[in-house]
Each structure stands twice: as structure tokens, then as C-alpha cells.
Amino acid sequence: MSQPQAAVGAAVPRVDARLRVTGQAKYAADNSPDGVVHAVIVDSSVGRGRVTGIDARAAEAQAGVVKVISHLNAPKLPHREPGFPPGEALRPFQDDRVRFFGQPVAVVVATTLETAQHAASLVKVSYDARPPSTDLGAADPADDPETYARGDADRALESADVTLDLAYRMARNHHNPMEPAGTVARWDGDRLTLWEKTQHVQGTVETMAAEFGMPPDKIRVISPAVGGAFGSGGRTWVHTSIAALAAREVKRPVKLVLTRRQTYFGVGYRPAYEYDLRLGSDRRGRLTASVHDVRTESSRYERHSEDVLAAGRMLYSTPHVRQVYGHVPLDVNTPTWMRGPGYSSGAFCVETAMDELAHELGLDPIELRLRNEPSDDESSGLPFSTRRLRDCYRAGAREFGWHRRNPKPRSTRDGDWLIGMGMAAGVYDTARSEAQASVRLDADGTALVQSATSDMGPGTATSMTQVAADALGLTMRQITFRLGDSDLPLAPGHHGSRTMASVGSAVQDGCDKLRRQAITLAVQDEDSPLHGVDPADVAVRGGRLFVKDDPTRGETYRRLLARNDRSHLEALGSYAGAPESERFSFYAYAATFAEVAVDARLGLVRVRRMVGVYDAARIINPRLADSQAIGAMTGGIGQALLEHTVTDHRDGRIVNANLADYLVPTHADMPEMKAIYIEGEDFEADPIGVKGLGEIVIVGVAPAIANAVFNATGRRIRHLPITTEALL
């Protein structure tokens, strides 16, 4: 590597900030190719059954309506190989079955959006309706649960000095990003172009290739800007297939954007959970056993799984563990990943249980956790690559003023407000995937770095530019990072906190290769001041190659390329991803501290302040990291106190499918927040020493708030969200 520059580790602003705040960044629906027409989906008004008739005559009679497509006239899609997409992922208009309320049963294509909307309201659909099963608590799980066990948990619980038997319930949550899901589809002969809201452009290519039975190289997906997603764009949903199908049928580009209401059943959601937990310990607080029995909702036509049980397997030293994870098939659309998927839900149960055990034993919650710190990962037998959770506790307690916490519940007041402090730990696995990045250094001394990754908000282009700047020895202004196009080099999905480790490592590799090319060219060039110098003795900074021990001896990239009549140098960087067999256990960690005030008469909860401390290894940009952490704390407030998707189980309708009734945190709900990052690197994880930050920052927020509510009120609430009614 070249000598360190000032880019990595600096709190620089986003390179695309001006484009985004001035409206110049193009999101999916901002694209309007010549001849574009508009599509509006007609949704099922029943939760289960069959379509017995579709009367589209009134819609088709409207001026400007191009076509109404349903299962009655839609082309049959080719047979799809089993296993991809997973399960029996919904396909548009291939039969008359209704699997959930809001399922697309037709689409209207018209020359204007207003015409399409009006015509869609005129389509009459009749059904043979059946009562849907949508209540997690009233349905039976599938008969093939996922299980895990070590030791003999049941026997260990019988002999434990202290046992807790706890039942947790967590409501379904929806993502609600600012940008709704949308697609613009255009066919040019047998080639398909999609301008798509997605977190994985190449994943969308693969899905659409399987959907339409066509070669992937005939499909291009473009998504340079994503207006928030939180996991909702991590896979390709049926509206994308509908847009492509409609565009092929009407032989014109088609724009289809879901309404806010349609996003509640048009894309996935964080599933509801029922989580029963039995915990046993000795009188000193050493955990002896735990039993986890989890039920989660899923659709009947495919299964969604996420790692809700990981924390219960490895976060604390526990010799005896048994876990059962059961999917409950319901007449609903398929859940999907939502920020901190699995881990965030599991942490609420594990971390409030630890707080409850600490109270039962008369121990400080941090002390209980310290007594149960494992020496290695007991779920895999592997040593941790790094684990600085103790440092997180210490730094958080010091910054937050944990010593001022009165452990006696309901003992601290501020007028009518009951004041409480709580904390919780968090963990999220360090995912790494195969990635590539192309690097081109032009004769003018500027560089172009490209990869098919995405940016739904964390500042991908900025952090990648920082890595490239240091590796190439250029300033950030001399580098352009291009993303969001499936024609660019391979990148994994922009989710699971894998982007920085994966794409960043590929960028590092490509820039290292190119820098070495330039050095080799210089030392072999008889006219270069660097001729004959050992390449290992050459450094690059500020676009200039020079001898490390004699900085006056050197030349710029521009001069080197010009003299050698080179228009550019280029290289392809690659990263292989995680090996099949790991030598270490890789996780990022968090400790979240929260102070709440609860109105003693009304039960209203207000979060006053929060501190999050993170062991996420090397931090590329503290400003971007702070944005991620504060956003996640805000999202955790929503998960803890506000967010709750309400379903009418009579017909499967989502009652609060709008931002007026589905409550998310606003600026008024955001308290004083601070993020702290434990200094360190993890080069066992990846070549650039990062662990990923975007997911871990929300894991543990909800239980920290719930534990603070208990400290304030003495009421232990085991259901999310924590409502006023539960506290009265």
C-alpha cells in the first residue's frame, strides 16, 4: 500500500451531496424515456380465494387507456427452474388464485398517470372468497422447524438456581422509505432495460432473466440513487415483473410506481414474532441454560428466514442451549429483511431477559453481562477475530453517566415524569461477498472507479472514493466513483452490512494494482526520474510518484502517462469474499444506553438521550458513520415505541397502510444522540479491516429503551411496540 493519505478516517462530506439536495440525482421514477406510458396496479380486495371475473370494459373505454392486463390475457411466462427465485415467488397474472389481500390481479396501462389511476378504479373484479388466515397467534407452524442444540438445556434448567420463563411478542414493521418502490421498463427488441429502485442491480438481472426465460446479458438494470430502502429493495418484487411484462405487451416504455398504501403489501416487511424464552443461571449470575421457542409469520407461497436466534447462541457464555424456529404459513405476502434483520428482533428478547435476570439477582446489568462474556464463539467453537464488547460497555457507561442510575425502579422523578436508564448489547455478523471494481487512471491525472453496488443512503460513493484516494495517492476530487448499473463489475446486494467490506476490498485491490502498474512503468522508463528505483521504495501522494527517502525525486501521473503516450492505465480489482471454512468468528458489537421519561399519569414515553458504542473495526468516514448510527437509533425508537402494522384478520386488509396511521419517529421524537466507535481494525475479516456498520447500529436499541422503561416505571413490557395502554 502507498503511504497513508488524509482520506480514510476523515469526516468528509458526501461526494454526491449537492446532487441529492438540489434534485439532480435521478431516482427510478425520475426517468421518462421517449413514449413512456403509465401503469397502475389493480389490487385484490379479498385476502384469499379465486378471481371469478374481471370486467375491464369501462376502463378500456377511457380515452388514453392503452391496455388492461390480467390473467385472462397475460402471456404465460416460461417455466422457472426450482430454487430461484426462492420458493414459489409470486409471478404476475399466471393464474386466478388470490394469495393475500392487495395481490395484483390486473394492471391498467394508459398515456397519463391520472388516466391510469381513474381507469384502474373502474375495473370490476369478482371473487370466490375464502376466509384468510392472517393471525400469527391463531395458526399452527409448519412441521419442519429449524433447530439448534448444545448440551442438555431442559435438564440444566431443572437444576438452575434461578429461572425465568418469558413470553415476547413483536409486531410486524414496515420499512416506509421516502422513495416508494417503482420501475421504468423498456424493451429494445429482445433487450430489456429497467430503471429500478433496488439494492441489488445484478440480483434484479438474475431474477428477471429467470422470470422471462432470457439470457442475463440481455437485461440491464440502472439504479444510481435509492431514496432509502432499509431492506425493502433487497430482492425483486412482483411489480417489477408487471412493468416489464406490460412494456413488452404494449411495445412502449412503462412506468409503474407503487402508492404508499401499495407498499404495505407490494413489498415485504419485518415479520411479527412470538418468542418464548426460558433462562437459567446460578446465584452468581452465570448463565447455565436457555431455551428459545420462536414462531414467525411467513407467506404460504414461499418462506422467509432470518437469523433471529444468533444472539441466543453466541452473545453470552451458555453451556446448554436449545432453539426451535418455526415458520407459520399465512395468507399474507412474503416478509423480507428490515434493518438489523433477525438480530434486532432477537436482541429485544435476549437483552430484556438479561436485564430482568440482573434485577432478579440484584446485579448491575453491565456486571451481569461481563460475568457471561465468552472466551470464544460457543456456537461454532471458533475464536473471535476481535470482540471489544467490554470496551463498548466501559466507554458507554462513562459517556452516559451510568453510575448515576438508581437500580430501584420508579425511584427517580422529574415532576410528573418517571425517569429511567437502560442499556443493552447488540451483535451482527460480519458478512463478506465476492466483488469486483474496475479502476481507470486517465492521462489528465483523474481516476474513474466503478462497481455495480448501490447506495440507499450510507454514502457508498463517498467511502469508496476515500479508499481509492488513499490507494492511488490522489485527492478525492480527482476520483469519480460510479455505481448502480448492472453492466458494471460484479457487486453483492447492498444489504447485510457487506458493502464496505466486499466492494471496498475490491476497490482497494484494483487501486493497488493500478498504482503498482504506474510505479513499474516509471522505474522501467529511462526518461523517468524514478528509473531504476526499487518499486518498493516508491510512494504516491497528491498524484505524484516519488522516492520515499528522497521526495524531491519523482514525477506526476500526468507527466508519466504523457511521456509514454498512454491515454490511460486500468485494472480490475477483485475480492473473493468469505472463505468456505472460516478460521475465526466474525461479528460487530454494540452497547446502547438510553434514558427515558414516562408520564406517571398518562403513560407517555419520551426518549431523552441515547449513546451508542460500536465495535465495528475500522471506520472509513466518521461523519457517514454518525449518520448511520443516529438514523438507526431513530429507527430503534420506532421499533420500541411506535411501529405496528395492524391487520384486520377478517379479510387480511392492513388497516394503517399510510404514514398518518402507521407511526414512525419524527424530528420531535429524536433526543440527544451520540455515537462512539471503539478504535481498531479487523484485517482477519477483510483486506481493509472493516466489519460493517449499517445493521449493528440498530441492534439493541429497542431493548435498551424497554429496559429504561422498566427502570422508570417498574413495569416490564415484553411486547413491541411499548404502548401507553401497556403502561397504564
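This structure is a prediction, so every number in the text was calculated from the model and none was measured.

A. Representation of helix α13 (residues 499–524) in the model. Here α13 spans 37 Å end to end across 26 residues, near enough to the 38 Å set by a 1.5 Å rise per residue. The element α13 is extensively covered by neighbouring structure, given that 20 of its 26 residues are classed as buried.

B. Highlighting the pairing of strand β12 (residues 254–257). Where strand β1 (residues 37–43) lies against β12, three bridges are found, and the strand directions are parallel. Paired with H38 across the bridge in β12 is K255. Pairing of strand β9 (residues 182–188) with β12 involves four bridges; the strand directions are antiparallel. By the bridge assignment for β12, G182 is matched with V257.

C. Just the pairing of β1, in detail. Burial analysis of β1 places seven of its seven residues in the buried class, the great majority of the element. Of the two faces of β1, the one carrying V37, A39, I41 and D43 and the one carrying H38, V40 and V42 are both buried. Where β1 lies against strand β5 (residues 104–110), six bridges are found, and the strand directions are antiparallel. From the neighbouring strand, D43 faces β5, where its bridge partner is P104.

D. Inspection of the sheet that holds strand β18 (residues 435–442) at higher detail. The sheet built from four strands is open, its strands ordered β20-β19-β18-β24 with mixed pairing. Unpaired on one side and paired on the other, β20 (479–482) and β24 (568–575) mark the two borders of the sheet. Across the sheet, the axes of successive neighbouring strands diverge by a mean angle of 15 degrees, strand direction being ignored. Looking at chain direction, β18 and strand β19 (residues 447–450) are connected through four bridges and run antiparallel. For R440, the partnering residue across the bridge sits in β19 and is L448. Helix α12 (residues 460–472) contacts β18, β19 and β20 of the sheet and is inclined by roughly 135 degrees relative to β20. Set on the sheet, α13 makes contact with β18, β19, β20 and β24; between it and β24 the angle comes to about 145 degrees.

E. Focus on the nonpolar core. Formed by 95 residues in total, the largest nonpolar core has its most connected members in L192, L472, V507 and L545. Tallying contributions element by element places α13 first for this core, with twelve residues. Leave out the neighbours within four places in its chain, and L192 touches A185, R186, W187, M208, M214, K218, I219, R220 and A244. Among the nonpolar cores identified, the runner-up in size contains 92 residues, and A588, F593, A625 and V701 belong to it.

F. Inspection of the environment of V613 at higher detail. Its place among the elements puts V613 in strand β26 (residues 605–615). Sequence separation between V613 and Y677 is 64 residues; the distance between their C-alpha atoms is 5.8 Å. With residues near it in sequence (within four places) discarded, V613 still touches C392, A395, G396, Y589, A590, A591, I676 and I678.

G. Inspection of unusual backbone geometry at higher detail. Following L720, the chain continues into P721 via a peptide bond in cis, with omega recorded as 0 degrees. Among the structural elements, P721 can be located in the loop between β30 (719–720) and α17 (724–727). If you check the backbone angles, F93 has positive phi at about 60 degrees while not being a glycine. Along the chain, the position of F93 falls in the loop between β3 (65–70) and β4 (97–98). At N176, a residue that is not glycine, the phi angle is positive and equals roughly 50 degrees. Among the secondary structure elements, N176 is positioned in the loop between β8 (162–170) and β9. For N176, a relative accessible area of 14% translates into the label buried.

Criteria and cut-off values
- Residues numbered from 1 in each chain as written.
- Predicted model: local features only at pLDDT ≥ 70, side-chain atom pairs only at ≥ 80, totals over all residues.
- Heavy atoms only, no water.
- Helix = DSSP H or I, 4+ residues; strand = E, 2+ residues; numbered from the N terminus.
- Expected span 1.5 Å × (residues − 1).
- Buried < 20%, exposed > 50% of the residue type's maximum accessible area, 1.4 Å probe, protein only.
- Pairing = 2+ DSSP bridges.
- Axes fitted to C-alpha atoms, helices over the stretch in contact; angles between N-to-C directions.
- Contact = heavy atoms within 4.5 Å.
- Core = buried A, V, L, I, M, F, W, Y, C linked by side-chain atoms within 4.5 Å.

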